[in-house]
Amino acid sequence: MNRRAKDEEREERINMEIVVDANGPEEQAMGWYYYLADTMNFPFAARCVARRTISPLEPGDEVEVVEIAPAEDCEHEMFVMVKWRSRTLGVPLMQLEGIEVDDETQQAIEDWHYWVDRGYEL
């Protein structure tokens, strides 16, 4: 796993706004879920940056992210719903980067990537 250098400003935002007062992984997951749902502005364009065995997307694929996946699908990892071919399906947010997204959406995506890259888990 590629460990990202510690970013004190991002750490403080995550600890004070996202997982604040979370008692255990379930509450951390819900903190992340509502932060991402409230911060990302849907729909937005995204590009696949990593292959995952649980997703049909390939690096370089571009998709439209239409919403966050249902909460019950985000208990251990954050998923978003994307339009892919003729259907809508959930893919890991970690697999995507935004394409020309607004600042809030960009920050939310980067916050989640940072959390995972640092080795934190839900």
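Residues numbered from 1 in each chain as written. Predicted model: local features only at pLDDT ≥ 70, side-chain atom pairs only at ≥ 80, totals over all residues. Heavy atoms only, no water.

**Here's the deal with the pairing of strand β3 (residues 79-84)**
Thinking step 1. In terms of residue burial, β3 counts as a mostly covered element, since 5 of its 6 residues are buried.
Thinking step 2. The pairing of strand β2 (residues 62-68) with β3 spans 4 bridges and is antiparallel. If you follow I68 over to β3, its bridge partner there is V80.
Thinking step 3. Bridging between β3 and strand β4 (residues 87-92) involves 6 bridges; their strand directions are antiparallel. If you follow F79 over to β4, its bridge partner there is P92.
Thinking step 4. Here β3 folds back onto β4 in antiparallel fashion, the turn holding 2 residues, of which R85 has a positive phi close to 55°. (Buried < 20%, exposed > 50% of the residue type's maximum accessible area, 1.4 Å probe, protein only. Helix = DSSP H or I, 4+ residues; strand = E, 2+ residues; numbered from the N terminus. Pairing = 2+ DSSP bridges.)

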